[in-house]
Amino acid sequence: MSTSTGCLASTQEAFGFFLEDDLSEISNQKFQGCCLAVTIADMVGIVMRLTNNEGGRYTLSPQPLIDGRYKCVQDIHRFCTEIGLETVITYPFTRVMMEDKKWDESFYAIRKHNRYKLDGMTHLTDKDDIQKAILENFGPRGKKFPILGAMYLGKFADADYARERDILEDPYHCPPNEEHSSRKRGKNDEEEEHAFIITGCATMPKKDTNDTMPKDPYYCRVKNSYGKKWGNVGFSCVGIRQFNYIILPYEYDSKKDEADMVVDKNKEEEADTEVKADIQVGSMPSKLPTCRTSVYVSLPLKLIGIEGTNDGPSNLDKTLRLLKGTGVQGVMVNVCWGVVECNPKKYVWEAYKSLFEKVKSHELKLQVVMCFHKLVEDDGEYSLPSWVLEVGKENQDIFFTDKQGNRNNECLSWGIDNEKVLLDRSALEVYYDFMKSFKDEFKVFFEQKNISAIEIGLGPSGELRYPSCNSEHGWVYPGVGAFQCYDRYMLKSLKKESAKQGYEYCNIISEIEGSYDSDPDQVGFFSDEKKFDSFKTRFFLNWYSKTLVEHGDQVIFNAKKAFGRKRILNVKLSGVYWWYNHDTKSHAAELTTGFFNSMDNDGYDPLLKMLNKNGVGLKFALDRSYMDNGKQSSQNPDSLKNEVMQVALDYSKVSISTWNVRHCKDDKEYASVMAEALSDVHRTSYTSYTYHGLHQLLKQPGKFSVFVKEMNGDEPIDSSSRTSDQSL
């Protein structure tokens, strides 16, 4: 096992959180009695991932330890260092204790499957040794590997009991209706040990105004195996000396010279003020809020004629002058593929040149959207290029397809990203050629920094998602939507991945159920936990979501190649919040959209990790207008938004921006949109805000001017000015 930690540089000077983007999913084995096996497999799998071992691409299965009834630490040590663990693909994890008396370790050992093991492990029980090892591991020169820690279950059962023992707050941190939020200690909890993954440590904050330190000078952040509803999305904090024992995933000499201690007193004090603000349970992660949110206004599509000539209103200059007067940073412009490339490789930019020059003359910045999708707004509809639609008549599989064979021509299927089916070009080549032509044509605008950011369209409505909720094909809110993987190119990809794992893809595809207007209770695929937790289901959902991330990664790669690596690039994501709080664990509507975000799986971390790798920003918002129809769908938009934001804020290279999905059709909606933006608890984390609804803005520019100043973080404005609407 490699011990390279180059990718694990801590953001703190001394010690701090383990980088949780490298953690595997939070499983849920509550009351199943297999926490030690689950946690051991989790720890080994994370180490494999951090050391770039191929096994880290998959989740390792604790089932061999369960089937073999390994409960002794010494036996587990031998198993993980001499025999090794398989992935859940070759040895599925059923999450129940198996009483298979016939299970044979020697038979398991000769199985012809890849197996992953550690070079060594260390079991420590002395409190001083435990503290020293944890601090060294998460110190600036430490390995920063996950550590298994075990403590009595009773210490997590009761809030008062927990606080008395240096646990910062009620670690369950659950809604009142959750059974385990009010659970009291059982009579055996004092003796029953529970295992956690220790993901980091920091200095314990002072408890009272007398500046007295608690019994434990440090505390650890731990990941539990009770699902994401436990604690703070599956995590909590405990005093460093509360563990009965720990298991390190490497050889460790607890008796080495104290002079080698990684966290010395001086560094510890330096790090204290920097770290502790970020590690309170329930607080937002480490990225500091910005004090300014730049405001842009989206220009309507009618400014660009369908033939590529500027048919905008004669008062465009007046409109731009008014926008400049409100204090906005600039405007957002959709660059429509269907308008520009009417013929293959023939790009007509004249209309955009004229528009950009006018925007530039008013000293406004440009946010540009590469629209590789069908655009529909109140004032017009812009389809994919006519030549692409002609190709689609001959080969309908270039479009996303549902199980019933309905084709969706909003955008191209991701299955043809690398298939030369567009007149001898692949979809990625078509996207690159378009973006490269734009870059060459508007080179001066880039050089003079008139273009501040480029948003890359990655799917329907420009968002990175599958077109699973298409009303033309029968979707009605709050339907779960339909999986979009039945064109022959997507099926080809699924078949290839299935073959790698030794499974017939037809057996997997036959398991998929549901339709556009279904609710989770009507579909066993989403509501039957046994079926949902089957290998075939999880394999399919992992492939489906992985394809989404890979599509985004490949298009972004080509965008960076076309525009240059220093350009500010963004991608767009709209949250699917209906059925988020449903009794089933599946989060059904998110699944069909492409985000495997069930209760025991993080569906957004892979996307944010990819964006962070590429240094690309996230433009995220929610369409709350669906909530107005009164239909109940176990919706929870705020919880979903908090989850996505919490993941995004953990990545230092991901800037965050937003927009108003709800368009302003009258004065009431106009006021509502601005009030919602100003009251957004995440507002100080946004770098920019894009307002859609120019028509209403032009009617009441004074209100918008006040809004822009508040979003910019200027001095508070007298409340009387909120109602004034003087002409600019």
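Residues numbered from 1 in each chain as written. Predicted model: local features only at pLDDT ≥ 70, side-chain atom pairs only at ≥ 80, totals over all residues. Heavy atoms only, no water.

Would you mind going over the overall build of the protein with me for this structure?
The helix and strand inventory of the protein stands at 24 helices and 18 strands. When each of the 728 residues of the protein is scored for burial, the buried share is 58%. Just so you have it, the protein exposes about 30,700 Å², and 47% of that area is on carbon and sulfur atoms. (Helix = DSSP H or I, 4+ residues; strand = E, 2+ residues; numbered from the N terminus. Buried < 20%, exposed > 50% of the residue type's maximum accessible area, 1.4 Å probe, protein only. Areas by Shrake-Rupley, 256 points an atom, 1.4 Å probe, with all protein chains shown as cover.)

What is the right way to read the pattern of salt bridges from this model?
Note on pairing: side chains with opposite charge can pair once their charged atoms come close. For the coordinates displayed, the defined rule picks out 21 salt bridges. Between aspartate 440 and lysine 436 there is a salt bridge, with its nearest N and O atoms 3.0 Å apart. Of the two residues, aspartate 440 and lysine 436 are both situated in helix H12 (residues 427-441); the distance of four residues between them amounts to about one turn of the helix. We classify lysine 436 as partly exposed; its relative accessible area is 29%. Between lysine 546 and glutamate 497 there is a salt bridge, and its shortest N-O distance comes to 4.0 Å. You can see lysine 546 sitting in helix H18 (residues 535-563) and its partner glutamate 497 sitting in helix H14 (residues 488-500), a full 49 residues away along the chain. Residue classification places lysine 546 among the partly exposed residues on the basis of a relative accessible area of 39%. Three or more residues are tied together by salt bridges with common partners; here these are Glu497, Lys500, Lys546 and Glu550. (Salt bridge = Lys/Arg side-chain N within 4 Å of Asp/Glu carboxyl O.)

What's the story with the sheet that holds strand E18 (residues 686-691) in this structure? I'm lost.
Within a sheet, neighbouring strands are paired by backbone hydrogen bonds and run either parallel or antiparallel to one another. The parallel closed barrel is built from eight strands, whose spatial order is E7-E8-E9-E14-E15-E16-E17-E18. When strand polarity is set aside, the average angle formed by the axes of neighbouring strands in this sheet is 30 degrees. Its contacts with the sheet place helix H21 (residues 637-649) against strand E15 (569-575), strand E16 (617-622), strand E17 (656-659) and E18, and it is angled at close to 170 degrees to E16. (Pairing = 2+ DSSP bridges. Axes fitted to C-alpha atoms, helices over the stretch in contact; angles between N-to-C directions. Contact = heavy atoms within 4.5 Å.)

Can you help me understand the sheet that holds strand E1 (residues 122-124) in this one?
If you walk across this open sheet you meet the six strands as E1-E6-E2-E3-E4-E5, and the pairing is antiparallel. The open sheet has two edge strands, E1 and strand E5 (235-239), and neither has a second partner. Each neighbouring strand pair of the sheet contributes to a mean axis angle of 35 degrees, computed without reference to strand direction. Sheet topology places strand E3 (residues 193-203) next to strand E4 (residues 218-223); six bridges connect them, and they run antiparallel. When the bridges of E4 are listed, isoleucine 197 appears paired with lysine 223.

Before we go on, may I ask you to explain the environment of histidine 113 in this structure?
With respect to the helices and strands, the residue histidine 113 is situated in the loop between helix H4 (105-109) and E1. Separated by 22 residues in sequence, histidine 113 and tyrosine 91 place their C-alpha atoms 9.3 Å apart. Not counting residues within four places of it along the chain, the set of residues in contact with histidine 113 comprises Glu86 and Thr90.

Just to check I follow, could you spell out the side chain of arginine 425 for this structure?
Within the secondary structure, arginine 425 is located in the loop between strand E13 (407-412) and H12. When near neighbours in sequence (up to four residues on either side) are disregarded, arginine 425 contacts Glu341, Pro344, Lys345, Tyr347, Trp387, Glu419, Lys420, Val430 and Asp433.

Sorry if this is basic, but what is going on with the packing of helix H22 (residues 667-679) against helix H24 (residues 701-711) here?
Axes are the key here: two packed helices are described by the angle between their axes and the distance separating the axes. Following both chains from N to C, one finds H22 and H24 inclined at 10 degrees, their axes separated by 11 Å at the closest point. Between H22 and H24, the interaxial angle falls into the category roughly parallel. Residues Tyr670, Met674, Ala677 and Leu678 of H22 lie in contact with H24, whose contacting residues are Lys703, Phe704, Phe707, Glu710 and Met711. Counted by class, the contact of H22 with H24 contains seven nonpolar, no polar and two charged residues. (Parallel < 35°, antiparallel > 145°, perpendicular 65-115°, else oblique. Nonpolar A, V, L, I, M, F, W, Y, C, P; charged D, E, K, R; others polar.)

Honestly, the packing of aromatic side chains in this entry has me stumped. Any pointers?
Tallying each qualifying case throughout the model produces 47 aromatic pairs. Plain terms: the ring middles of phenylalanine 540 and tyrosine 544 are 5.5 Å apart, the flat faces sit at 25 degrees to each other, and that makes the pair stacked. One end of the pair is phenylalanine 540 and the other is tyrosine 544, both in helix H18 and four residues apart, which spans about a single turn. The same class applies to phenylalanine 540 and to tyrosine 544, which are both buried. Ring geometry for phenylalanine 595 against tyrosine 604: centres 5.0 Å apart, planes inclined by 25 degrees, an arrangement best described as stacked. Using a relative accessible area of 3% as the deciding quantity, one classes tyrosine 604 as buried. Of note, arginine 115 hangs over the ring of tyrosine 108, and the distance from its end group to the ring centre comes to 4.5 Å. (Phe/Tyr/Trp six-rings, centres within 6.5 Å; stacked < 30°, edge-to-face > 60°. Lys NZ or Arg CZ within 6 Å of the ring centre and 35° of its normal.)

What exactly am I supposed to notice about the nonpolar core here?
Nonpolar side chains tend to gather and get buried jointly when the protein is soluble and globular. Phe356, Met370, Leu412, Phe438, Phe540 and Phe704 are the most contacted members of the largest nonpolar core, which has 138 residues in total. At 13 residues, H18 tops the list of elements feeding residues into this core. Among residues more than four places away in sequence, those in contact with leucine 412 are Trp337, Leu384, Val388, Ile398, Phe399, Phe400, Leu422, Ala427 and Tyr431. If you look at the next biggest cluster of nonpolar residues, it comprises 60 residues, including Met43, Val47, Phe145 and Leu248. (Core = buried A, V, L, I, M, F, W, Y, C linked by side-chain atoms within 4.5 Å.)

In this structure, what is going on with H18? I would like to understand it.
Structural remark: α-helix, 3.6 residues per turn; residues separated by three or four positions point the same way. The end-to-end C-alpha distance of H18 is 41 Å, a good match for the 42 Å that 29 residues give at a rise of 1.5 Å each. Counted residue by residue, H18 has 21 buried out of 29 residues, so it is predominantly covered. Glycine 564 sits one or two residues past H18 and shows a positive phi near 100 degrees. (Expected span 1.5 Å × (residues − 1).)

How do you make sense of the environment of phenylalanine 356 when you look at a structure like this?
With respect to the secondary-structure elements, phenylalanine 356 resides in helix H10 (residues 350-361). A relative accessible area of 0% places phenylalanine 356 in the buried class.

Please explain helix H11 (residues 386-394) as it appears in this structure.
Turning to H11, its buried residues are Trp387, Val388, Val391 and Gly392. Buried positions in H11, seen along its axis, are confined to an arc of 150 degrees and lie on one side of it. Looking at the buried residues of H11, the elements they touch are helix H9 (337-340), strand E12 (399-401), E13 and H12. (Arc of directions from axis to C-beta.)

I'm lost on the pairing of E17 in this one. Help?
Two faces make up the sheet, and in a regular strand the side chains alternate between them. Going residue by residue along E17, you find Ile656 and Thr658 tucked away on one face and Ser657 and Trp659 tucked away on the opposite face as well. Bridge analysis of E16 against E17 gives two bridges, and the strand direction is parallel. Of the residues in E17, the one forming a bridge with leucine 618 is isoleucine 656. The pairing of E17 with E18 spans four bridges and is classified as parallel. Note on E18: the bridge partner recorded for serine 657 is serine 688.

Mind showing me how you'd approach the packing of H18 against helix H20 (residues 605-614) here?
Running from N to C, H18 and H20 cross one another at 15 degrees; their axes reach a closest spacing of 10 Å. Here H18 lies roughly parallel to H20, going by the angle between them. Both H18 and H20 take part in a crossing whose hand is right-handed. Across the interface between the two elements, Val549, Gly552, Asp553, Ile556 and Lys560 from H18 touch Pro606, Leu607, Met610, Leu611, Lys613 and Asn614 from H20. Across the contact of H18 with H20, the residue classes break down as six nonpolar, two polar and three charged. (Left-handed = near helix turned anticlockwise from the far one by under 90°.)

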